[in-house]
Amino acid sequence: MSYQNATSELTLGSRPGLNNLQRAEGATEDGDYGWALLENQLSVEDFVKIQSAFESPEPRQTISMSREQFVQRMKEIIGWGTKKDYQELFDKVDVARDGFINWDMLTSFMLLALYEKDEQAKATVVPQWKTLEFLPVKHKDTIQKIIFLKSSSRYLTISKEGLLGIWGENLKLQKLHPITSDVTKLKHLWVTSMVSLENVNKIAVAFTSKEICFYDLLSKEEFPCQYKLQGLKATPFCMDYWYNPLDANESLLTFGDITGKVQAISFTTALISLFERPATAHEDEDGTMTIHWGDLLSGDHKCCFTLEHTLHQGDWVRQVSYAASLDAIISSTTSNINSVVLAWREKSKRHLKMTSFNIAQGIHAFDYHSQLNLIATAGIDNKVCLWNPYVVSKPTGILWGHSASVIAVQFFAERKQLFSFSKDKVLRLWDIQHQLSIQRIACSFPRSQDFRCLFHFDESHGCLFISFNNQLALLAMKREASKRVKSHERAVTCVLYSSILKQVISSDTGSTVSFWMIDTGQKIKQFTGCHGNAEISTMALDANETRLLTGSTDGTVKIWDFNGYCHHTLNVGQDGAVDISQILVLKKTILVTGWERTITVFRPQNFNQFFIQPEEWKGGIRHHDDILCAAFLPPQTLATGSYDGEIVLWNNSTENAHHVLHPDYQRLLKSNLDIESHKLLSAGRSSPTIPLKDQTTLRTSSSEIDTEGNNAVMRLCFLESRKNIAVAEGANLVSCGGSGYVRFWDTSKKQLLAEFLAHTGAGSITMSTDKLNRYLVTGDLDGWLKIWNIEEYCCNSSKNKVTQPPTLIRSFQPHEDRISCLEMCELSGRSLIISSSADRSISVTDVCCSGTWIFGQAKHWQIKNYISLPERDTNLMESEIQEKSLRKTPLLSKEESCLDPMGHYLLDQKNKDSIVLSSEDINLSMKYKERNIYKKKTQKIHNYEVIRKASSAFRSLSIGALKELPEVNKPTFLLDHEEYFKEDTEENYSPMPEILPLSENLRAVFDEKNLFPKEILDREQRAKQLCQETSSEVKIKRNKKHL
């Protein structure tokens, strides 16, 4: 139950059919004692009367009532209820026993009662689970740890043999990487544990070789080992990591070994460096710095210090954790003596104080709930015990129900529930307040008796992972049916807008495509099973918006018409499953990115079959990591962004790369170019550029930069309306990435002009902009949207990078989960924002309006009636009208449509001998076309100068005084109207010819050949013949299948 539900119960007052007499008697027909309480039967009208009774005639004063006054007054103004009921209510409110209460005390009691009722309702909600699913893991040995990286929205699994599995948020295995390249060493080396150091973007892995290795997650290489901690006295068996969210420099790494020793490393400057470089430290060939444990004990590293205790006395430490609210390290063993130990520091003292719990037969695991201040232990004696950390003598509660040893426990923190898993593979969910088992789950787990089990519940995603040796089972929680409207049955992955149809097109992880009316929210049609059961990850429309392209995780891109017929299937993954992140449809090519360092290209003029194979991209591989996104700026500029933060600029005509942009390279170049500054001045360069031939040296040195966030480029957008950017020297490219930053680039100067943090601590973000580039919309993993005004942002270049963000118009949360896609569109002069989310909903809102509509809601809307149009300048409106009329002109003719097989057949016949033009030839051809257009006296809207003015803002408008009109002579009918309008005689009129009958006038039968040009009729005849041939081929294939 939510707070809204609780409030609605209060608003409703009495139940239907329950009159005042029944309420006064405390009727409980359904046996609900809670409803019989007086405070649960009061309605809003009753509370208004009570408030008026406490009001004083003097301002800013309230009336206090004694017990007798309160009972008498309430009987008078409410008119129902017994004297005993009001006396009990008074005693509940008067907690301090002062003998009087006022209005503030009464309202505080009611709010607290509603809160407790809401919490109880949450605790009694039983989650529903999907079917148990075994993930296709490739680990060959026991899985030792599962962690979730919030910064990159990825899961990591590590197995005993040292294989690190990288999983996407959709639980698709992306990579399987060995964390060490020493094959001979792996035979005698086991991984025991792993933790994530989220504040410094690293992971720490413990080995049986008595060492802990720290791997960098942001390096361009595959998880290089940055530090290697050696010299430990025993093998570390379990680890835990914590950092201060208010000061990320303060962090603590704790670990327990097989001798019973619990040790901790407290870092004080984690963001700068975990360890110092002492004189005894040395680096390996791969750049790994070796740190000795003895140096840490002796205090040689000023940036950290160590803590330890040995109270477990020789028993293996099974689990260790740091509880920030207790400021204590909790550890456990399977021994019945000192089963659980709490160790803490007092002020600045280095030694630890300890207290312990002695539990019969010992425990396997524990978990701590900070809000309830409870420690739950998984007992070997089949019991789950709840402990108060300050009471070691006996548990505060015992949960009975398991018939075998309990091997794992974990709190469901939000609902104040507890999971427990026993050795007989029975999963139970407990209500902590009532100490009752509310759910028992016995799934079809593997039947093996000897297994190593790992239990991990990801509360944010509702995913429960249980490993059985090298198998990994997933038990996903079904989303509760809430009052929020759902647009799809599955998580929505992409959303598009068709300006011609005025429809919104959406896709989901269940391979379903839906079409919605933008102005009413009504669903028009729906295509199911477009790619079987595979997820549709992205979509795109062709230039004429007559074809829909869908990209799926099955490694294919399909081309559809709006009737649901698939015309072509592009074999992107070469018959393999790949993650397609974006499809970019250009005039002569279709570009697909997402899973490789190169661009996959298809050329529509070669679409002469149903299954199409990719062709070679002439530019080759220029990225060092997977390409995630791309953007195109006419006439020939292509930009691609990769996971490592690189943006490569290409010439789309020649398919060659010419520059690489990166947020760190500019800063690094400034420091390296100080030595040769005279060379730069002699060369006359205003800003450093990065040619491709110098990238090897640059990347080698850039790995030394201490990056605080992930620079992955998730989305690129060109600001096409800034066509006079060559003159203004401003930003014309926007990028956003996994660290929540938005960056503005000047591609002509190859310079980063601005960088600001749009979403703090939200991880990966996405964005979109409108056609006129006035607004920028960003969305994060928590469902928040922010609208920025970028019309005048970074319009001029500067030597110093701008860090001040643009004006923030709105910030709101239309979704409950990750925003997967954003789209901006224009409707009746209004800028609309369409957003899709993993919470299965699609919303639409206006830039300035606070209202939000969800596609799929029962009541359709009329968006024109709700969204208010802000007042704007008329000159700007005229500029937008010109832009709209320009957009209505199709970019490609029907003969040049990149997805029309018939059109490409004719185009190929016409341009068999065509070659790729150089940039100079293209510019000359454009000028020649403009001159021809001018000679043909077409509308001025096609003139380049008019287009340039229409796409700019107020600064590009030239407004001058109007010229005086010359004197105009008056017409004849005004000077002498009688002479002009006098009637003529009949002789002056020629006789009207007699109209012949229709039968005589129509001398020939109607023939359409006389009305249409021969070229159009020939083309139509060819199309009919092609349609007949294809239909006959389909019939022949069907007959063969039946035979």
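Residues numbered from 1 in each chain as written. Predicted model: local features only at pLDDT ≥ 70, side-chain atom pairs only at ≥ 80, totals over all residues. Heavy atoms only, no water.

The name recorded for the protein in an unreviewed UniProt entry is WD repeat-containing protein 49, from Chrysochloris asiatica.

## A look at the packing of aromatic side chains
Taken as a whole and judged by the stated rule, the model has 31 aromatic pairs. Seen from their ring centres, phenylalanine 744 and tyrosine 793 are 4.9 Å apart, and the 70° between their planes marks the pair as edge-to-face. Separated by 49 residues along the polypeptide, phenylalanine 744 in strand S50 (residues 741-746) and tyrosine 793 in the loop between strand S54 (785-789) and strand S55 (807-812) bring together distant segments of the chain. Of the two residues, phenylalanine 744 and tyrosine 793, neither departs from the other in class, the shared state being buried. Over the ring of phenylalanine 515 we find lysine 525, and its NZ or CZ is 5.0 Å from the ring centre. Just above the ring of phenylalanine 812 sits the side chain of arginine 810; from NZ or CZ to the centre is 4.0 Å. (Phe/Tyr/Trp six-rings, centres within 6.5 Å; stacked < 30°, edge-to-face > 60°. Helix = DSSP H or I, 4+ residues; strand = E, 2+ residues; numbered from the N terminus. Buried < 20%, exposed > 50% of the residue type's maximum accessible area, 1.4 Å probe, protein only. Lys NZ or Arg CZ within 6 Å of the ring centre and 35° of its normal.)

## A word on the nonpolar core
Ile505, Val513, Ile518, Leu548, Ile834 and Val844 are the most contacted members of the largest nonpolar core, which has 31 residues in total. Elements supplying a minimum of two residues to this core: strand S32 (492-498), strand S33 (503-508), strand S34 (513-517), strand S36 (536-541), strand S56 (819-827), strand S57 (830-837) and strand S58 (842-846). In terms of residues, this core owes the most to one element, S32, which gives five residues. Excluding its chain neighbours within four sequence positions, the residues that come into contact with leucine 548 are Leu496, Ile505, Val513, Phe515, Met539, Ala540, Leu541, Lys558, Ile559, Trp560 and Phe562. Phe214, Tyr241, Leu253 and Phe255 belong to the second largest nonpolar core, which has 25 residues in total. (Core = buried A, V, L, I, M, F, W, Y, C linked by side-chain atoms within 4.5 Å. Contact = heavy atoms within 4.5 Å.)

## Notes on the sheet that holds S36
Spatially, the five strands line up as an open sheet ordered S36-S37-S38-S39-S43, and their pairing is mixed. Where the open sheet ends on each side, the last strands, each with one partner, are S36 and strand S43 (611-612). (Pairing = 2+ DSSP bridges.)

## Considerations on the sheet that holds strand S48 (residues 713-718)
Strand order in the open sheet formed by four strands is S48-S49-S50-S51, and the pairing between neighbours is antiparallel. This sheet does not close on itself; its edge strands, each paired only once, are S48 and strand S51 (751-757). Between one strand axis and the next, the sheet turns by 20° as a mean value, whatever way the strands run. By the bridge criterion, four bridges tie strand S49 (residues 733-737) to S50 in an arrangement that is antiparallel. The residue of S50 that forms the bridge with serine 735 is arginine 743. (Axes fitted to C-alpha atoms, helices over the stretch in contact; angles between N-to-C directions.)

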